[in-house]
Amino acid sequence: MYSDSTHLWIGVDPGKTGGIVVLDSHGGYVAHTTIPLIGIGTKRARVNCRALKDWWFTVNWPPAKATWAIERVSSAPTDGVVSAFSFGKATGAVYAFAETMGFSITEISPKDWQRVYLRGQRKNTRADIKASAALVAADRWPQLSRDLQVKKNWGLADAALVAATARVTELATDNRQP
């Protein structure tokens, strides 16, 4: 499915409306999905870890080294208790999946990927940041552009930029060129 299987970078924008994007060793596009859910409605839905596993095995077979870069997020102060708990469960499910599969996990803060990829872009509001991220990701990885035309899929842009930031950060740490 991909040309360079030495290392895959999986970016995750966690939560029920998040996304997962896989990049290869060179930062090229491999695959993507929205966070798979099971249940009815967004309030009762939960992350479908079985569907996530099935998707992963279609993407990564035969298995390659993989680093799961998960956006470091927290609930907003304006979130209600139920909303914050639901968000925490969804985020925890992604961590649990990556951990039980034996993947390396790294966290990337929103400010880190925004500083690298949204330089010069409009960032006054959360909507500005999401729209700018969608434009940057669609330009860099055209395979995402169709899905990024739908606002509810903008978590895929964050996920792609999280994966790219993790990749570049590790390459810089290893003193290799991206």
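Residues numbered from 1 in each chain as written. Predicted model: local features only at pLDDT ≥ 70, side-chain atom pairs only at ≥ 80, totals over all residues. Heavy atoms only, no water.

J.: Can you walk me through the side chain of T91 in this structure?
T.: Inspection of the secondary structure puts T91 in helix α3 (residues 81-100). In contact with T91, other than residues within four places in its own chain, are P14, G15 and V73. (Helix = DSSP H or I, 4+ residues; strand = E, 2+ residues; numbered from the N terminus. Contact = heavy atoms within 4.5 Å.)

J.: Hey, could you run me through the sheet that holds strand β3 (residues 29-34) in this one?
T.: Paired through backbone hydrogen bonds, the strands of a sheet run either parallel or antiparallel to each other. Read across the open sheet, the 5 strands follow the order β3-β2-β1-β6-β7; overall the sheet is mixed. Only two strands of the sheet have a single neighbouring strand rather than two, namely β3 and β7 (104-108). For this sheet, the mean angle separating the axes of adjacent strands, direction not counted, is 20°. Summarising the sheet, strand β2 (residues 19-23) and β3 pair through 5 bridges and their orientation is antiparallel. Within the sheet, the bridge partner assigned to I20 lies in β3 and is T33. (Pairing = 2+ DSSP bridges. Axes fitted to C-alpha atoms, helices over the stretch in contact; angles between N-to-C directions.)

J.: What's the story with helix α4 (residues 110-117) in this structure? I'm lost.
T.: Residues that lie three or four places apart on an α-helix share one face, since the helix turns once every 3.6 residues. Along α4, the residues that are buried comprise W113, Q114 and Y117. Axial view of α4: buried residues confined to an arc of 100°, hence all on one face. (Buried < 20%, exposed > 50% of the residue type's maximum accessible area, 1.4 Å probe, protein only. Arc of directions from axis to C-beta.)

J.: I would appreciate a short explanation of the nonpolar core in the present structure.
T.: Generally speaking, a soluble globular protein has its nonpolar side chains buried in company with each other. One finds V21, L23, W113, W141, L144, L148 and L161 to be the most contacted residues of the largest nonpolar core, which totals 26 residues. Looking at this core, the elements that each hand over two or more residues are β2, α4, α5 (126-140) and α7 (155-173). Element by element, the count of residues in this core is highest for α7, at 9 residues. Dropping the residues within four chain positions of it, L23 is found in contact with H7, L8, W9, G28, Y29, V30, W141, A160, A163 and A164. (Core = buried A, V, L, I, M, F, W, Y, C linked by side-chain atoms within 4.5 Å.)

J.: What is the right way to look at the pattern of salt bridges in this model?
T.: Any two side chains of opposite charge can pair if their charged atoms end up close together. Scanning the model with the defined rule gives 5 salt bridges in all. Between R72 and E107 there is a salt bridge whose closest N-O contact spans 3.3 Å. With R72 in the loop between β6 (66-71) and α3 and E107 in strand β7, this pair connects stretches of sequence that are 35 residues apart. Relative accessible area serves as the criterion here: at 40%, R72 is assigned to the partly exposed category. Notably, a salt bridge pairs K130 with D158, separated by 2.4 Å at the nearest N-O pair. Of this pair, K130 sits in helix α5 while D158 sits in helix α7, and the two are 28 residues apart along the sequence. Residue classification places K130 among the buried residues on the basis of a relative accessible area of 14%. (Salt bridge = Lys/Arg side-chain N within 4 Å of Asp/Glu carboxyl O.)

J.: Could you clarify how one ought to interpret the packing of aromatic side chains in this entry?
T.: For the structure on display, the rule yields 5 aromatic pairs. Between W55 and W56 the ring centres are 6.2 Å apart and the planes differ by 50°, which places this aromatic pair in the tilted class. Pair check on accessibility: W55 and W56 agree, each one buried. Here the aromatic cluster, defined as three or more aromatic residues joined through ring pairs, consists of W55, W56, W68, F97 and F103. (Phe/Tyr/Trp six-rings, centres within 6.5 Å; stacked < 30°, edge-to-face > 60°.)

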